[in-house]
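These are the residues of each chain, in order.
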Amino acid sequence: MNRSPLVNILDRPLGKGGATRSTTTTDQSVSLSSFAYLYSEMVQYHQNRVDSISELERRLEATGYSVGLRVLELLAYRAREYKRETRLMNILQFVSTTVWKSLFGKAADSLERSIDHADEFMIVDYAPITSTFVSVPSDFGGLSVDAYLSGIIAGILEGAGFPARVTAHSVSLEEGETPSSISSVVVLPPRKEKTVFLVKFAPTVLTRDNAMG
Amino acid sequence: MVFLHLFIVNKSGGLIHHRPLSARAPKISTNEWLRIGSTFHSLHAIAAEASPLRLPNGKNASGADDGIERIVAGGMELRCLQTVTGIKFVITAEPGGTVDLDSVLREIYVLYAECVCKDPFYELEMPIRSELFTQAVDALIDRVERLGHTSMSKHR
């Protein structure tokens, strides 16, 4: 196998490549179908071991948490930023743009601040890939399989020093709100719901951020 | 082109999905549907035995078991797609249409693979309870009726 000693394994692109693999473009693409099948098996694995819906969500979040910690390290290294983020808005921007682009190929659709609570923020994604193919049965209540993604976000924020509680909620699209990108899977009808990741920071984070001015 | 019904039979002959595709489709009760499903499953297999022409290994060109593919009757036309895994997708429509029913069935098979097989809450061979699948099938039928053909190219 052709292995250039200057390219370390974290920078090497995924996917099929021959001797002429380009090291400048990290064009790594994995089939959406294989991710969907793998994720479906993971959800079923957890479902067989829990007794309640909230326990299932917690398990998915816990799985995502460990991914989040590693994603933070990887992306901070790849961005070659040697100063870590200390401001709240900056870390949220990092999550909604850099992390999203690296994981899903596009930035999150919006980042909003809650009006009622100063410590709540919302990251909106119109078509998260974890729930693209999933139909939750009606007797499962408000289960959102995007709990895995909220676990990833929580892992990143805690790893960066901003402990937070992140939950995923499916909200129906409002009038006039149409996803600018076409549905990622062409055969499926456009989604009627968007997923909102509600990020609630611990009070220490807010006081620290306010003290910084 | 007026579609009438769609039904899906699993590999043991049990009905896992049935759906009227237009308002003109006759109303059939659930029990009737279960009977139709198992009857069709048995007839499909018997037809291969009774056929004067036996395909090698009993399998047709796409690797699926041989059996009934098309029934043309006075009031309706029926098409069946048997997959390699033994699932039968059956669609009925009024005769005289211009749409290629086989490609519609293949598109429905694609939707099945996408919406049903990737759903963690679906157990194989069980009745399909996926909202996403029913919405996608409705959208497909709408599109076919409007455009007169399935616009999906074989890009996979």
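Above this text sits the structure in question.
To keep things clear, this report deals only with the structure shown in the data block. (Residues numbered from 1 in each chain as written. Chains lettered and ligands numbered in written order. Predicted model: local features only at pLDDT ≥ 70, side-chain atom pairs only at ≥ 80, totals over all residues. Heavy atoms only, no water.)

**Let's talk about the interface of chain B and chain A**
- Listed by partner, the interface residues are 19 residues for chain B and 22 residues for chain A.
- Area buried by chain B at its contact with chain A is led by Lys118(B), Pro120(B) and Phe121(B), which between them contribute 44% of it.
- The interface formed by chain B and chain A includes 0 salt bridges.
- Joining chain B to chain A, the criterion identifies 2 residue pairs in polar contact (both at pLDDT 80 or more).
- Mapped by element, the contributors of at least two residues to the side of chain B that touches chain A are helix H2 (101–116) and helix H3 (131–147) of chain B.
- The element contributing the most residues to the side of chain B that touches chain A is H2(B), with 6 residues.
- A class-by-class count of the residues in the side of chain B that touches chain A yields 11 nonpolar, 2 polar and 6 charged. (Contact = heavy atoms within 4.5 Å. Buried area = accessible area lost by both parts, 1.4 Å probe. Salt bridge = Lys/Arg side-chain N within 4 Å of Asp/Glu carboxyl O. Polar contact = N/O pair within 3.5 Å; in protein donor to acceptor, adjacent residues only side chain to side chain. Helix = DSSP H or I, 4+ residues; strand = E, 2+ residues; numbered from the N terminus. Nonpolar A, V, L, I, M, F, W, Y, C, P; charged D, E, K, R; others polar.)

**Observations concerning the nonpolar core**
- Ranked by internal contacts, the top residues of the largest apolar core, which has 42 residues, are Ile153(A), Leu157(A), Phe162(A), Phe197(A) and Phe201(A).
- Every element with two or more residues in this core is listed here: helix H1 (32–47), helix H2 (53–78), helix H3 (88–104), strand E2 (120–125), helix H4 (147–159), strand E3 (164–172), strand E4 (193–201) and helix H5 (203–211) of chain A.
- The dominant element in this core, judged by the number of residues it contributes, is H4(A), at 8 residues.
- In contact with Phe201(A), not counting residues within four places along its chain, are Leu88(A), Leu92(A), Asp119(A), Phe121(A), Leu157(A), Phe162(A), Pro163(A), Ala164(A) and Leu206(A).
- If you look at the next biggest cluster of nonpolar residues, it comprises 31 residues, including Ala36(A), Leu101(B), Ile108(B) and Leu132(B). (Core = buried A, V, L, I, M, F, W, Y, C linked by side-chain atoms within 4.5 Å. Buried < 20%, exposed > 50% of the residue type's maximum accessible area, 1.4 Å probe, protein only.)

**Concerning the packing of H2(A) against H4(A)**
Residue and element names in this part refer to chain A.
- It is at 6 Å that the axes of H2 and H4 come closest, and there the two elements cross at 45°. Accordingly, the angle class assigned to the pair H2 and H4 is oblique. Our pair here, H2 against H4, has a crossing hand that is right-handed. Listed contacts from H4 to Glu57, Leu60, Glu61, Thr63, Gly64, Tyr65, Val67, Gly68, Leu69, Val71 and Leu72 of H2 are Ala147, Tyr148, Ser150, Gly151, Ile152, Ala154, Gly155, Ile156, Glu158 and Gly159.
- The residue makeup of the contact of H2 with H4, split by class, is 11 nonpolar, 7 polar and 3 charged. (Axes fitted to C-alpha atoms, helices over the stretch in contact; angles between N-to-C directions. Parallel < 35°, antiparallel > 145°, perpendicular 65-115°, else oblique. Left-handed = near helix turned anticlockwise from the far one by under 90°.)

**A word on empty space enclosed by the protein**
- Within the structure shown, the criterion is met by 1 cavity of 30 Å³ or more.
- For the largest cavity, the calculated volume is near 50 Å³.
- What lines the largest cavity is Phe35(A), Ala36(A), Tyr39(A), Ser40(A), Ile129(A), Thr130(A), Thr132(A), Phe133(A), Val134(A), Lys118(B) and Pro120(B).
- Of the residues assigned to the lining of the largest cavity, the class counts are 7 nonpolar, 3 polar and 1 charged. (1 Å grid on protein atoms, 1.4 Å probe; cavity = no way out; pocket = protein on both sides within 12 Å on 5 of 7 lines; lining within 4 Å. Points joined across faces, edges and corners; volume = space filled by probe spheres on them.)

**A word on the pairing of E2(A)**
All names here are of chain A.
- The element E2 is extensively covered by neighbouring structure, given that 6 of its 6 residues are classed as buried.
- Burial of the side chains of E2 extends over both faces: Glu120, Met122 and Val124 are buried on one face and Phe121, Ile123 and Asp125 on the other.
- In the sheet, strand E1 (residues 110–113) pairs with E2 via 4 bridges, with the strands oriented antiparallel. Bridge pairing links glutamate 112 to methionine 122 in E2.
- Counted between consecutive antiparallel strands, the loop separating E1 from E2 contains 6 residues.
- Looking at chain direction, E2 and E4 are connected through 6 bridges and run antiparallel. (Pairing = 2+ DSSP bridges.)

**Quick look at the layout of surface pockets**
- In this structure, the second largest pocket encloses a volume near 790 Å³.
- Together, 31 residues line the second largest pocket, and Val134(A), Ser135(A), Val136(A), Glu193(A) and Glu131(B) are the ones closest to its centre.
- Those elements giving two or more residues to the lining of the second largest pocket turn out to be E3 and E4 of chain A together with H3 of chain B.
- Grouping the amino acids of the lining of the second largest pocket by side-chain chemistry returns 11 nonpolar, 13 polar and 7 charged.

**Considerations on the side chain of Ser103(B)**
- Within the element layout of this structure, Ser103(B) appears in helix H2.
- Of note is the side chain of Ser103(B), whose polar atom sits 2.8 Å from the backbone oxygen of Asp100(B).

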